[in-house]
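For reference, the chains in residue letters:
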Amino acid sequence: MKIAMVASEAAPFVKTGGLGDVMQALPAELAKLRGNEICLFLPYYKRIKQNSAIEVEQVGSFSIDLSWRESYVGILRLKSRRKKLQVYFIDNDYYFGARGTIYGDFDDGERFAYFSKAVMAALYYLDFKPDVLHCHDWQAAPAVIYCRALYGTWCPATKTVFTIHNVEYQGWADTSFFENTLGLPEEYRGKLTFDGAINVMKGAIEVADIVTTVSKTYAEELRYPYYAHRLDGVLRGAWLWGITNGIDTSVYNPETDTALAYNYSAKKMFGKWDNKRALREEMGLRTDTDAPVLAMVTRLAGHKGIDLLCYIANRLMEREVQLVVVGTGEKQYEYALSALARQYPGRVAVRLCFDPALASRVYAGADMYLMPSKSEPCGLSQLIAMRYGTVPVVAATGGLRDTVPPYNGQTHEGRGFTFQSYNADDFLGAIDRAVGLYYNDRDQWNALAKHDMECDFSWQAPAAEYMQLYTELTSK
Ligand code: GLC
């Protein structure tokens, strides 16, 4: 099957969050399956352009119009031996190559409308007529619409899949964006119009052959206003399918991770305790105690539940525990957490940074991983934590609910500790249950950590689900 994937980020080229991980692993996993040919399209950002390790060759150039603008499109291809997975970059200095930003510019709407339209033009230029065009998040949403509106006669059989990784970001714009930038045929205006404005995610939901999201529970939640950021009504009318993400288990592997002082596996768990000691030393935490290390590696954003952590922090520290937090984000949380570290020297360590190697050492060295998200489409850190034998304590929402079934003290089934409603006391209750097991039954605790390490979080099963979906769509 010929599959074109369109997204605004993919590791190892560019990554700001979970989307980047998914776009690294999913295309690669699909390319392993017999008969598949995958093309991945990304913008040629300045930081990719300046990265000498990323070698590209130019395969074509032309210009496209975006309403009244005429813009250059260069198609660059990653030099690679993987013939079944081709990575293409859309080159344009004005929109991408000469700016330091990935997201957050005043004209993001225009930048990604350009990118989406350029991708369709590139597919045409390359004569790669996909069986499936798979677009991710609002930045690639216009490609779904351009495919139908402008390329319907060229690729009438192409099926479109639109995946929502996070419904919070939808691509809102003024009504004039429709004629002034997108330049779509008038009959599409209604599909993109929402609450008196243009919303490109809403347009893609209406036009795509199927909409998917990154966990089963989130697919359910998106039908309710609490989660859907106003799109619940639109999503209730869509064919919405949930496929839970995996992680790249060759990248996230405690047996081979070079960031770790000591490599280990489920069979040789003792290496984990060496990592715990090393982490404590690195972070300036006391080593003369049996206390469990509780950790968070996260963007310090409201919906990640940092407010719950701050609210219970003093009561939490009445327990014999240690806390490590790594991340950057909203200032009020950076201040609150730094103050906490000053208040509890040797027991709380905070690093306000984004550092993948440090993150690995935290996953390896901690006992418990906290993820009290208000909503979580899938969440990848809890999967990484389990892969490193760190037991998750999570809010039972979205992908957290699907991937962390609660531990049952009687049957010993389950993978972690969960709480139902977004409430700080309930969060503390779940931590207490985890800490209780840690202190009262260390054998069971270790068995739980080992069991988590042995779970299969690879992309194999999710990729098979996507294939099944593509096959169902294209055979219609
Ligand atoms: C977004 C979501 C996160 C998900 C990731 C990959 O970042 O917030 O929950 O894991 O996308 O799909």
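Everything below is about the structure printed above this text.
Presented here is a report on the structure given in the accompanying data block.

Reading the values: the criteria
Residues numbered from 1 in each chain as written. Predicted model: local features only at pLDDT ≥ 70, side-chain atom pairs only at ≥ 80, totals over all residues. Heavy atoms only, no water. Salt bridge = Lys/Arg side-chain N within 4 Å of Asp/Glu carboxyl O. Helix = DSSP H or I, 4+ residues; strand = E, 2+ residues; numbered from the N terminus. Buried < 20%, exposed > 50% of the residue type's maximum accessible area, 1.4 Å probe, protein only. 1 Å grid on protein atoms, 1.4 Å probe; cavity = no way out; pocket = protein on both sides within 12 Å on 5 of 7 lines; lining within 4 Å. Points joined across faces, edges and corners; volume = space filled by probe spheres on them. Nonpolar A, V, L, I, M, F, W, Y, C, P; charged D, E, K, R; others polar. Expected span 1.5 Å × (residues − 1). Arc of directions from axis to C-beta. Contact = heavy atoms within 4.5 Å. Pairing = 2+ DSSP bridges. Axes fitted to C-alpha atoms, helices over the stretch in contact; angles between N-to-C directions. Core = buried A, V, L, I, M, F, W, Y, C linked by side-chain atoms within 4.5 Å. Near = heavy atom within 4 Å. Polar contact = N/O pair within 3.5 Å; in protein donor to acceptor, adjacent residues only side chain to side chain. Areas by Shrake-Rupley, 256 points an atom, 1.4 Å probe, with all protein chains shown as cover. Disulfide = S-S within 2.5 Å.

Comments concerning the pattern of salt bridges
Alright, step 1. The tally for this structure, following the rule as stated, stands at 28 salt bridges.
Alright, step 2. With a closest N to O distance of 3.1 Å, Arg-189 and Glu-179 form a salt bridge. Of this pair, Arg-189 sits in helix H7 (residues 189-192) while Glu-179 sits in helix H6 (residues 177-182), and the two are 10 residues apart along the sequence.
Alright, step 3. Taking relative accessible area as the criterion, Arg-189 reaches 25% and is therefore assigned partly exposed.
Alright, step 4. Among the ionic pairs, Asp-367 bridges to Lys-276, the shortest N-O distance being 2.7 Å. Placement of the pair is Asp-367 in the loop between helix H15 (356-365) and strand S16 (368-371) and Lys-276 in helix H12 (residues 270-283), with a sequence separation of 91 residues. Accessibility assignment for this pair places Asp-367 and Lys-276 in one class, buried.
Alright, step 5. Connected through shared salt-bridge partners, Arg-99, Asp-105, Asp-107, Asp-108 and Arg-111 make up one network.

A word on empty space enclosed by the protein
Any space left empty among the atoms is revealed by the rolling of a water-sized probe across them.
Alright, step 1. What the rule picks out here adds up to two cavities of 30 Å³ or more.
Alright, step 2. Its boundaries defined by the atoms lining it, the largest cavity holds a volume of some 60 Å³.
Alright, step 3. Lining the largest cavity are Asp-21, Val-22, Gln-24, Ala-25, Gly-246, Ile-247, Asp-248, Tyr-252, Leu-380 and Trp-459.
Alright, step 4. Residues of the lining of the largest cavity, tallied by class, amount to six nonpolar, two polar and two charged.
Alright, step 5. Considered as a void within the structure, the second largest cavity measures approximately 30 Å³ in volume.
Alright, step 6. Considering the residues around the second largest cavity, the lining is formed by Arg-286, Thr-289, Ala-291, Glu-320, Val-321, Gln-322 and Arg-347.
Alright, step 7. Looking at the lining of the second largest cavity, its residues break down into two nonpolar, two polar and three charged.

Quick word on helix H14 (residues 331-343)
In an α-helix, one turn spans 3.6 residues, which is why side chains three or four residues apart end up on the same side.
Alright, step 1. In this model H14 runs 18 Å from its N-terminal to its C-terminal C-alpha over 13 residues, within 8% of the 18 Å that 1.5 Å per residue would give.
Alright, step 2. The set of residues buried in H14 consists of Tyr-333, Glu-334, Leu-337, Leu-340 and Ala-341. Projected down its long axis, H14 shows its buried positions confined to an angular sector of 130°, all on one face. For H14, the exposed residues set more than 90 degrees away from the buried face come down to Tyr-335 and Arg-342.
Alright, step 3. Buried residues belonging to H14 abut helix H13 (306-316), strand S14 (322-326) and strand S15 (348-351).

Section: the sheet that holds S15
Alright, step 1. Strand order in the open sheet made by the six strands is S15-S14-S13-S16-S17-S18, with parallel pairing throughout. Bordering the open sheet on either side are S15 and strand S18 (417-419), each of which pairs with just one other strand. For this sheet, the mean inter-axis angle between neighbouring strands, taken without regard to orientation, is 15°.
Alright, step 2. The strands touched by H13 within the sheet are strand S13 (293-297), S14, S16 and S18, with S13 carrying the most contacts at an inclination of about 160°.

Concerning the nonpolar core
Alright, step 1. Among the nonpolar cores identified, the biggest contains 102 residues, and Phe-89, Phe-162, Leu-182 and Ile-205 are the most heavily contacted of them.
Alright, step 2. In terms of residue count, the dominant contributor to this core is helix H4 (residues 108-126) (10 residues).
Alright, step 3. What Leu-182 contacts, discounting residues up to four positions off in sequence, is Ala-113, Pro-142, Tyr-146, Phe-177, Leu-192, Ile-198 and Val-200.

With respect to the site of the ligand
Alright, step 1. Taken together, Gly-18, Leu-19, Val-22, His-165, Asn-166, Val-214, Asn-245, Glu-376, Pro-377, Cys-378, Gly-379 and Leu-380 form the complete shell of residues around the ligand.
Alright, step 2. The side chain of His-165 places a nitrogen or oxygen atom 2.7 Å from an oxygen atom of the ligand.
Alright, step 3. At 2.9 Å, a backbone N or O of Cys-378 approaches an oxygen atom of the ligand.
Alright, step 4. Calculation on the ligand without its partners gives an accessible area of 310 Å², and the protein chains cover 91% of this total.
Alright, step 5. In terms of residue class, the shell around the ligand is built from six nonpolar, five polar and one charged.

Brief notes about the state of the cysteines
Alright, step 1. Under the definition given, this model contains zero disulfides.
Alright, step 2. Distance from the sulfur of Cys-147, which forms no disulfide, to the nearest cysteine sulfur (Cys-155) is 4.0 Å.

Section: the environment of Leu-235
Alright, step 1. Within the secondary structure layout, Leu-235 lies in helix H11 (residues 232-236).
Alright, step 2. If near-sequence neighbours (up to four positions away) are discounted, Leu-235 is found in contact with Ile-164, Val-167, Ile-205, Val-211, Leu-222, Arg-223 and Leu-240.

A word on the side chain of Thr-217
Alright, step 1. As for its placement among the helices and strands, Thr-217 is situated in helix H9 (residues 216-221).
Alright, step 2. In this structure Thr-217 comes out as buried when scored by relative accessible area, which is 13%.
Alright, step 3. Looking at Thr-217, its side chain comes within polar contact range of the side chain of Asp-402, at 2.4 Å.
Alright, step 4. Setting aside anything within four residues of it in sequence, one finds Thr-217 in contact with Gly-398, Arg-401 and Asp-402.

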